[in-house]
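Letter by letter, the chains look like this.
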Amino acid sequence: MTGTQRRRQLIEIGRTLFAEKGYEATSIEEIAARAQVSKPVVYEHFGGKEGLYAVVVDREMSALLDMINSSLTTNRSRVRVEQVALALLTYMEERTDGFRILMRDQPVAAAEGTYSSLLNEAVNQVAHILAGDFDRRGLDTELATLYAQALVGMVATAAAWWLDVRQPSKEVVAAHLVNLCWNGLQNLESDPQLASEWSSAADS
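The protein is annotated in an unreviewed UniProt entry as TetR/AcrR family transcriptional regulator from Nocardia stercoris.

Spelled out as structure tokens, the structure:
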């Protein structure tokens, strides 16, 4: 096995073990044993468990970001929202181990390569899109980040639920998520009030 092949093998083994057991519960000994090599071979390629983990996370983040970025090829806002939701669901379906790694406990040094950091980036992108839309409609652009947090959180939570049940199909899930997101955005009130405050105002 060439050095490149060995490195690829160790990455795949690490990916599987990190997904199954998490970072803390996975040991260099177990990685080496499953690859049928000595521990120094793992250290030679990655410098240790943290180095291997960083490579695995980086590859998963790149794969997911590539899928999301490739989905943003249209200027039609609703279609972009649909494609981003579908890209996340497709990534989870095709690279379930990778998604579980991004969701799991991670070493402090890997804080920049986490699912939460990815979601923060998604929030920033969605907030930028919404700010332009709010400005055109005369809505408060400073609230775009609040709405972006809500939208991304809704999609992420529903997607994590879907990962376990896998029903209905990802296309149906994406359609319903966008149905809720889009129709809600289309009918935003410029100055929403709590329903309980309406009752209080009527009583006074």
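Points about the packing of aromatic side chains
Across all of its chains, the model carries four aromatic pairs by this definition. Ring centres of F18 and Y53 lie 4.8 Å apart, and the angle between their planes is 80 degrees; this geometry places the pair in the edge-to-face category. With F18 in helix α1 (residues 3-21) and Y53 in helix α4 (residues 49-71), the pair connects residues that are 35 residues apart, well separated along the chain. Accessibility classification places F18 together with Y53 in one group, the buried group.

Some thoughts on the confidence of the model for the protein
Here the protein averages 83 in pLDDT, while 87% of its residues score no lower than 70. Mean pLDDT values for the elements of the protein range from 66 in helix α10 (residues 195-203) up to 96 in helix α2 (residues 28-35).

What to know about empty space enclosed by the protein
Left-over empty space is what a probe sized like a water molecule reveals as it rolls over the atoms. Inspection of every chain in the model, using the stated rule, returns one cavity of 30 Å³ or more. As a volume, the largest cavity reaches approximately 60 Å³. Grouping the constituent residues of the lining of the largest cavity by class yields six nonpolar, one polar and two charged.

Some points on the packing of α2 against helix α3 (residues 39-46)
Packed helices, taken two at a time, are described by the angle their axes make and the gap between the axes. At a closest axis distance of 8 Å, the pairing of α2 and α3 adopts a crossing angle of 105 degrees. In terms of orientation, α2 and α3 fall into the roughly perpendicular class. Only K39, V42 and Y43 of α3 make contact with α2, whose side of the interface consists of I28, E29, I31 and A32. A per-class count over the contact of α2 with α3 returns five nonpolar, no polar and two charged.

Comments concerning the layout of surface pockets
Counted as a void, the largest pocket has a volume near 650 Å³. Around the largest pocket sit 29 residues that line it, and V81, V84, V126, I129 and V152 are the ones nearest its centre. For the lining of the largest pocket, the element with the most residues is helix α7 (residues 115-137), which contributes twelve residues. Among the residues forming the lining of the largest pocket, the class breakdown is 20 nonpolar, four polar and five charged.

Examining the UniProt feature "DNA-binding region" (unreviewed entry) in the protein
Per the UniProt record, "DNA-binding region" (unreviewed entry) is found at residues 27-46. This span, residues 27-46, is 80% helix and 0% strand, and a straight line between its end C-alpha atoms measures 14 Å.

Observations regarding the nonpolar core
Formed by 40 residues in total, the largest nonpolar core has its most connected members in F18, I31 and V42. Going through the elements one at a time, α1, α2, α3, α4, α5 (77-94), α6 (96-103), α8 (144-165) and α9 (170-186) are the ones with two or more residues in this core. Counting eleven residues, the second largest nonpolar core, distinct from the first, contains F134, L139, V152 and L185.

The rules behind the values
- Residues numbered from 1 in each chain as written.
- Predicted model: local features only at pLDDT ≥ 70, side-chain atom pairs only at ≥ 80, totals over all residues.
- Heavy atoms only, no water.
- Phe/Tyr/Trp six-rings, centres within 6.5 Å; stacked < 30°, edge-to-face > 60°.
- Helix = DSSP H or I, 4+ residues; strand = E, 2+ residues; numbered from the N terminus.
- Buried < 20%, exposed > 50% of the residue type's maximum accessible area, 1.4 Å probe, protein only.
- pLDDT = per-residue confidence, 0-100.
- 1 Å grid on protein atoms, 1.4 Å probe; cavity = no way out; pocket = protein on both sides within 12 Å on 5 of 7 lines; lining within 4 Å.
- Points joined across faces, edges and corners; volume = space filled by probe spheres on them.
- Nonpolar A, V, L, I, M, F, W, Y, C, P; charged D, E, K, R; others polar.
- Axes fitted to C-alpha atoms, helices over the stretch in contact; angles between N-to-C directions.
- Parallel < 35°, antiparallel > 145°, perpendicular 65-115°, else oblique.
- Contact = heavy atoms within 4.5 Å.
- UniProt positions renumbered as here; feature names shortened; annotations may be inferred.
- Core = buried A, V, L, I, M, F, W, Y, C linked by side-chain atoms within 4.5 Å.

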